[in-house]
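# Residue-level structure breakdown
Residue-level listing of the chains:
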Amino acid sequence: MLPLVALISTACSASTTAASEAQPGSAAVAVPDGLPFTVTEQGRFEAPFAFAFLPDGRILVTEKTGKLKLRAIDGSVAEVSGVPAVAYGGQGGLLDVAIAPDFATSHRIYLSYSEPRPTGSSLALARAVLKEGAAPSLEGLEVIFRAGSDGAGGQFGANIAFSPDGKLLYLSSGERQRFTPAQDPDQALGKILRLTLDGKPAPGNPDAAAGGVRAETWSTGHRNPYGLAFAKDGRLWEIEMGPKGGDEVNLILPGRNYGWPKVSNGDNYDGSPIPDHAPGDGFEAPKLFWNPSISPGGLMIYSGGMFPAWQGSAFIAALSGQALIRVTLDGDRAGKADQWDLGMRIRDVAQAPDGAIWLLQDGGKGVQGKLMRLAPR
């Protein structure tokens with residue numbers, strides 16, 4: 001969930017690299033033997049959902065309860081005020097956080113969240129200026145997009161990615177556990193949306209002339225798209241939670257229909273079958289899928305130097321799979337490479353400015369989520 005990382009990792013200074021190293025007092029995390037990396041704890045958070053690195057190595061962490069935390073280089077944590085009200089509960093709350101491509105000059109960040117509405121909740125996207133200091137705050141917060149179709153349901157999607165040139169914003173929108181909106185061109189549910197940085201329909205979208213939701217839509221037929229990331233070659237990749245099985249890795253192409261709920265490589269939770277993806281069915285099939293489920297969370301495509309053999313690989317945080325998963329990418333092809341059992345639900349994954357890989361453990365039910373740093377063993 002860190003679209004700026006490819007730019008940061010090549011431009012960071014030696015002082016930033018040193019500052020991003022594991023801090024004194026960080027503790028080793030008990031994980032299964034045989035992993036090719038060490039794991040150290042760097043902090044704990046309540047019901048965390050996502051995190052993003054600032055260019056200097058500090059970290060913003062969202063907590064679903066509606067709090068945004070700023071972790072300093074020394075490991076201290078401050079709460080950021082001025083966060084919008086959220087509809088917390090189930091899969092809803094404060095969700096993704098992303099650093100604006102022009103953060104160095106604008107100091108803007110973007111937040112996605114489930115917004116309280118008169119008849120339920122809606123996925124919302126807001127941006128604000130991060131004012132730093134002893135008491136960090138968000139100023140000038142503005143809601144720039146609402147998915148609409150207010151009501152009940154989880155599966156918000158809510159992942160934010162920026163185009164490689166930094167001029168456009170992509171937002172994943174889940175189908176809110178309602179199935180059919182994913183195939184409704186006039187509902188922004190079950191879609192990947194392509195927007196300008198101020199939340200308007202992006203020029204050049206497949207149905208830009210139609211106006212409304214159709215003008216915002218980049219792809220359709222998605223269930224719960226939890227991760228979006230651009231590869232070095234400019235291709236956009238997505239990870240998506242399927243139903244009972246059928247979790248997907250998709251190459252996102254403009255105007256394509258990815259099939260939900262008409263087709264899936266999983267079944268409904270009540271056991272009733274769903275037709276599998278099949279050649280000629282008119283839908284874009286996943287490049288990879290898992291059955292049984294791994295419950296994918298965050299997605300990152302690695303570009304750093306700390307793990308040179310993994311450059312260009314996609315990394316998936318797995319919730320029910322309790323693992324970090326590596327997928328190789330080669331043009332429009334993807335392949336399963338490694339699945340490292342970590343013995344805990346992993347919510348998000350990101351690359352630090354120094355090339356380390358960081359993970360966020362899922363929290364809840366009395367369990368704080370650990371923020372963890374991976375380094376070569």
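Residues numbered from 1 in each chain as written. Predicted model: local features only at pLDDT ≥ 70, side-chain atom pairs only at ≥ 80, totals over all residues. Heavy atoms only, no water.

### Description of the nonpolar core
What counts here: What we call a nonpolar core is a set of buried Ala, Val, Leu, Ile, Met, Phe, Trp, Tyr and Cys residues that are connected through their side-chain atoms within 4.5 Å. For the exposure calls, accessible area comes from a 1.4 Å probe over protein chains only, and a residue counts as buried if that area is under 20% of its type's maximum, exposed if over 50%, partly exposed in between. By the criteria applied, helices consist of DSSP H or I runs no shorter than four residues and strands consist of E runs no shorter than two, each listed in order from the N terminus. Contacts: residue pairs with any heavy atoms within 4.5 Å of one another.
In terms of nonpolar packing, the biggest core is built from 25 residues, with Tyr 110, Leu 125, Phe 145, Ile 160, Leu 169 and Leu 171 touching the most fellow members. Secondary structure elements with two or more residues in this core: strand E3 (48-53), strand E7 (94-99), strand E9 (120-131), strand E10 (137-146), strand E11 (157-162), strand E12 (168-173) and strand E13 (191-196). Those residues within four positions of Phe 145 in sequence are excluded, and the remaining contacts are Leu 123, Ala 124, Leu 125, Leu 171, Ala 188, Leu 193, Leu 195, Gly 199 and Glu 216.

### So, the sheet that holds strand E19 (residues 296-301)
Test applied: Here, a strand pair is defined by DSSP locating no fewer than two bridges between the strands. Angles run from 0 to 180 degrees between N-to-C directions of axes, and those axes are lines fitted to C-alpha atoms, restricted for helices to the stretch in contact.
Strand order in the open sheet made by the 4 strands is E19-E20-E21-E22, with antiparallel pairing throughout. The sheet terminates laterally at E19 and strand E22 (333-341), the two strands that pair on one side only. Adjacent strand axes in the sheet meet at a mean angle of 20°, parallel and antiparallel pairs treated alike. With 8 bridges connecting them, strand E21 (residues 323-330) and E22 associate as antiparallel partners. Along E22, the bridge assignment pairs Leu 324 with Trp 340.

### Here we look at the environment of Arg 214
What counts, and what does not: Think of a polar contact as two N or O atoms within 3.5 Å of one another; within protein, one of them needs to be a possible hydrogen donor and the other a possible acceptor, and neighboring residues in sequence only count if both atoms come from side chains.
Tracing the backbone shows Arg 214 in helix H4 (residues 212-216). Owing to a relative accessible area of 31%, Arg 214 belongs among the partly exposed residues under this scheme. As for Arg 214 and Leu 193, which are separated by 21 residues in sequence, their C-alpha atoms are 9.4 Å apart. What Arg 214 contacts, discounting residues up to four positions off in sequence, is Pro 185, Asp 186 and Asp 207. Of note is the side chain of Arg 214, whose polar atom sits 2.8 Å from the side chain of Asp 186.

### Points about the packing of aromatic side chains
As a reminder, the rule being used: For Phe, Tyr and Trp, rings pair up if their centres lie within 6.5 Å, where Trp contributes its six-membered ring, and each pair is then called stacked (planes under 30 degrees apart), edge-to-face (over 60) or tilted (otherwise).
Counted according to the given criterion, the structure contains 14 aromatic pairs. On the numbers, 5.3 Å between centres and 85° between planes, the contact of Phe 37 with Trp 340 is edge-to-face. Here Phe 37 is found in strand E2 (residues 37-45), whereas its partner Trp 340 is found in strand E22, with 303 residues between them in sequence. Look at Trp 340 and you get buried, because its relative accessible area is 9%. Between Tyr 110 and Phe 162 the ring centres are 5.4 Å apart and the planes differ by 70°, which places this aromatic pair in the edge-to-face class. With a gap of 52 residues between them, Tyr 110 in strand E8 (residues 108-117) and Phe 162 in strand E11 connect regions that are remote in the sequence. Each member of the pair, Tyr 110 as well as Phe 162, is classed as buried. Aromatic rings pair up to connect Phe 37, Tyr 302, Phe 307, Trp 310, Phe 315 and Trp 340 into one cluster.

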